[in-house]
Structures are given as C-alpha cells and as structure tokens.
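So you can see what is in the structure, the chains are spelled out below.
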Amino acid sequence: QLVPPPPESLTVADLGELTVLERLRPYCSSQMGDDAAVQSLTAGQQLVVTTDVLVEDVHFSEQTTPADAVGWRAAAVNLSDLAAMGAAPLGLTVGLALPGTTPWDWVEVVYQGMADCLTQYGGEILGGDLVQSSTASIAVTALGQVVPDRAIYRSAAQPGQSIVVTGPHGLSRAGLALLQGQFADAVAPETQQQWIAAHQFPRPRFDAIATLQTLNQPHRPIAGMDSSDGLANAIVQLCQSSQVGANIQPLTLAPGLAAWVGEARALDWTLYGGEDFELVLSLPPDLATRLLQQLPGCAIIGQTTQKPAIQLAGHPLTLTRSYQHFT
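Only a predicted model underlies this, so the values are computations on that prediction, with no experimental measurement involved. (Residues numbered from 1 in each chain as written. Predicted model: local features only at pLDDT ≥ 70, side-chain atom pairs only at ≥ 80, totals over all residues. Heavy atoms only, no water.)

Draft legend 1. Quick peek at the overall build of the protein. The number of helices and strands found in the protein is 11 helices and 11 strands. Taken over the C-alpha atoms alone, the protein extends approximately 65 × 55 × 30 Å along its principal axes. In the protein, which comprises 327 residues, the share counted as buried stands at 50%. When contacts within the protein are restricted to residue pairs at least 6 apart in sequence, those whose partners lie at least 24 apart make up 84%. For the protein, the computed accessible surface area is about 15,000 Å², with 51% contributed by carbon and sulfur atoms. Computed over 13 positive and 29 negative side-chain charges, the separation of the two mean positions in the protein equals 12 Å. (Helix = DSSP H or I, 4+ residues; strand = E, 2+ residues; numbered from the N terminus. Buried < 20%, exposed > 50% of the residue type's maximum accessible area, 1.4 Å probe, protein only. Contact = heavy atoms within 4.5 Å. Areas by Shrake-Rupley, 256 points an atom, 1.4 Å probe, with all protein chains shown as cover. Lys, Arg positive; Asp, Glu negative; His and termini not counted. Charge placed at Lys NZ, Arg CZ, Asp CG, Glu CD.)

Draft legend 2. Expanded view of empty space enclosed by the protein. This model, assessed by the stated rule, comprises two cavities of 30 Å³ or more. A volume near 100 Å³ is recorded for the largest cavity. Forming the walls of the largest cavity are Gly86, Asp149, Arg150, Ala151, Ile152, Ile209, Leu212, Gln213, Asn216, His219 and Ile222. Looking at the lining of the largest cavity residue by residue, the class counts come to five nonpolar, four polar and two charged. (1 Å grid on protein atoms, 1.4 Å probe; cavity = no way out; pocket = protein on both sides within 12 Å on 5 of 7 lines; lining within 4 Å. Points joined across faces, edges and corners; volume = space filled by probe spheres on them. Nonpolar A, V, L, I, M, F, W, Y, C, P; charged D, E, K, R; others polar.)

Draft legend 3. The pattern of salt bridges, seen in detail. Applying the stated rule across the entire model yields six salt bridges. With a closest N to O distance of 3.6 Å, glutamate 22 and arginine 25 form a salt bridge. Judged by its relative accessible area of 34%, glutamate 22 is partly exposed. Notably, a salt bridge pairs glutamate 278 with arginine 205, separated by 2.7 Å at the nearest N-O pair. Here the residue glutamate 278 occupies a position in the loop between α10 (263-272) and β8 (279-283), and arginine 205 occupies one in the loop between α6 (189-200) and α7 (206-215), the gap between them amounting to 73 residues. A single burial state applies to glutamate 278 and to arginine 205, both of which are buried. In this structure, a network of salt bridges that share partners links the residues Arg205, Asp207 and Glu278. (Salt bridge = Lys/Arg side-chain N within 4 Å of Asp/Glu carboxyl O.)

Draft legend 4. Structural detail: helix α11 (residues 285-294). Regarding α11, the residues found buried are Leu287, Ala288 and Leu291. Along the axis of α11, the buried residues cluster in a sector spanning 100°; they form a single face. On its buried face, α11 is in contact with β5 (162-165), α7, β8 and β9 (299-305). (Arc of directions from axis to C-beta.)

Draft legend 5. How the structure looks around the sheet that holds strand β4 (residues 137-146). Reading across from one edge, β1-β4-β2-β3 is the order of the four strands in this open sheet, with mixed pairing throughout. In the strand order of this sheet, the two ends are held by β1 (46-55) and β3 (125-132), each with one partner. The sheet shows a mean angle of 15° between the axes of neighbouring strands, direction not considered. One ladder, built from 10 bridges, connects β1 with β4; its direction is antiparallel. Of the residues in β4, the one forming a bridge with aspartate 52 is valine 140. (Pairing = 2+ DSSP bridges. Axes fitted to C-alpha atoms, helices over the stretch in contact; angles between N-to-C directions.)

Draft legend 6. Looking closely at the pairing of strand β6 (residues 223-226). What you see with β6 is no split at all: Ala223 and Met225 on one side and Gly224 and Asp226 on the other are buried throughout. Pairing between β6 and β8: four bridges, direction antiparallel. In the sheet register, aspartate 226 faces β8, and the bridge partner there is leucine 279.

Draft legend 7. Broad picture of the pairing of β8. Along β8, five of the five residues are buried, which leaves the element largely enclosed by surrounding structure. Across four bridges, the pairing between β5 and β8 is antiparallel. Looking at β8, one finds that serine 162 is bridged to leucine 283.

Draft legend 8. Looking closely at the packing of helix α5 (residues 171-180) against α6. Packing of α5 against α6 leaves a shortest axis separation of 7 Å and a crossing angle of 105°. Of the possible angle classes, the one that applies to α5 and α6 is roughly perpendicular. Of the residues in α6, those in contact with Leu171, Ser172, Ala174, Gly175, Leu176, Leu178 and Leu179 of α5 are Gln192, Gln194, Trp195, Ile196, Ala198, His199 and Gln200. When grouped by side-chain class, the residues that make up the contact of α5 with α6 number eight nonpolar, six polar and no charged. (Parallel < 35°, antiparallel > 145°, perpendicular 65-115°, else oblique.)

Draft legend 9. Broad picture of α7. For α7, the set of buried residues is Phe206, Ala208, Ile209, Thr211, Leu212 and Leu215. On the buried face of α7, the contacting elements are α3 (67-84), β2 (88-98), α4 (104-121), β8 and α11.

Draft legend 10. Here's a closer look at the sheet that holds β5. With mixed pairing, seven strands are arranged side by side in an open sheet as β6-β8-β5-β9-β7-β10-β11. Strand pairing shows two members of the sheet lacking a second neighbour, β6 and β11 (315-316), which therefore form its edges. Lying over the sheet, helix α8 (residues 231-242) contacts β5, β6, β7 (245-248), β8, β9 and β10 (310-312), oriented at roughly 150° with respect to β6.

In structure tokens form, the structure reads like this:
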C-alpha cells in the first residue's frame, strides 16, 4: 500500500529514491519493478526504437514550461519520431535525473503529463531510472512497431513527388516568444492560446499516418520525417538522404504571424524555429492530393527533383538562416 502523499514542501531528497519510485508506480505499467521490461510484438511487425533527452534551461524552463507540459513534451517528442517512421507506439522508458531539491509535486505532475499524452496517443510507461544530478533532465526511450514494408524512411523519396507538410510551422516558436515576453504588441487571446499550446503540448501526427495507410492502397513506398528540428532542416535532410533535389514554393505563413513580428522574422520562425513536430512527407502526387482532401491543415509546399539542388522560391535552401535572400 502506498504511503499517503507528502506535503508539497517535501523534495525528492526528503523522500529518497525508493519512495519516489514507489509513488511513480501508479503512472507506469503493471510490470514495472523488475530489472527490465518484457515487451511482445505483434506477429509480422518490427521493433522501432527512438530516444530523446530534455534538459532544463535548454528544452524547458520554469518560465515557459509547467510541469505537466514538461511531461507531455517528453512523451510527445518521442511519439512524434515513431509517427515519422510510420510506427504505432508500444511504450516508453524514462530516465529521470534530478537535483535533490526538486519538489515531489513537480515530479508527480511531470509523470501525469506523460500519462496524459500516452492515454491520448497510445503506449505506457514501462519503467526507467532515477538518479541525482545538478541539472534536471528527462531521457525517454520510446518503443513502437511497424509492418516492415510500411516503415517510412528519409531515403525513400523519388524525383517528381509532392512534398507535403501536415500542418503550419512557426507556431511553437511564436508560443515560446509569447511565454518569454519577447514582443509587446498585442495578440488576440485565442491566437495566444493556440501558439502557446503548440509549444507546450505538441501533437504527434499519428492521425496523418493512419490516413496515409488507408489511402496508400496498393502500398507504395513513401519518405518522411518529423520537423522537430525545423522545417528547413527536415526538407534538406529528406532530400540529402534520398539524393534528390527540391523546388519549394513560396511558403504560406501561419495566420497572424507576419502581422505580429514582421514577414522576415515570421519566415525565419517558419523555416528554422523548430519544435513544431509536424511531418514532412514525400508522396506520389495523387496520394498527396488525396491526403489533402482527407486531412485538414495539410499542404503541398513543393516537389522533389532529379537535380540535387534544394531551392525555395528559386534560391538555395540550407540549414542556415538564409531567408533574407528571398523575402
């Protein structure tokens, strides 16, 4: 039987490792407690594994990320990688490194945030580790499964395909700016809520994968990745991995973004802001058109080409901020 919850003033050092782990048990799989988790795969499917680390004052902070959002993001960034591979989630493990002064209630709410994300998108917390550290960090390894010929790789793009994004970009960066109070100009409350939610509670795009699996009959290989490191990064990496080029058309900016920060900065955030966690896909044109019809928010932003050049509005697109050359 669990000990009654401690007062909010208690820290993880006050409780000790074993008590903290015991209190985290309700958020985890029933098999938690052994030296390792045993996980079965559905017959005919392969294991997909991904890992991400979130570090305090790098990926989250007290100013910008409440504890439930820290937990949600820790789960969501890994689930997004599974979605980008076309995989379904099985579960995740959590490596938690914390200063001894960390309040227990912060840890509990972090785990509630992870549990909330998994409840919505699938999987469970299978186990993990807890260690003391001078800086808080959360290392999550996510496990998923995929039918082998349905896996999505960055290297599968072919010339003449449509490049599709599953949603707008720049919103997470705008939400971060709002949270940091970087710009004084007023933004409508509904828009503020949308941008902040995009930063704090990103959505793994399993809905896009499910729609693609339904539409892609008979099955044809497709390429893709998520845009967590920025839209420009995703386009360049996708093309380089597939040894194709790309012609990207002038991008449509998220509504209200250019009016708030100016067109140049809005385009910068769209291309390089990162942490939007949308999917960037290279699809046969007919499949891309049908996906747009079925999934609101999707957009065709360009085409893959035989030539290795990667261009936006006729100018080279790189991993560096070159937007000033074509605004």
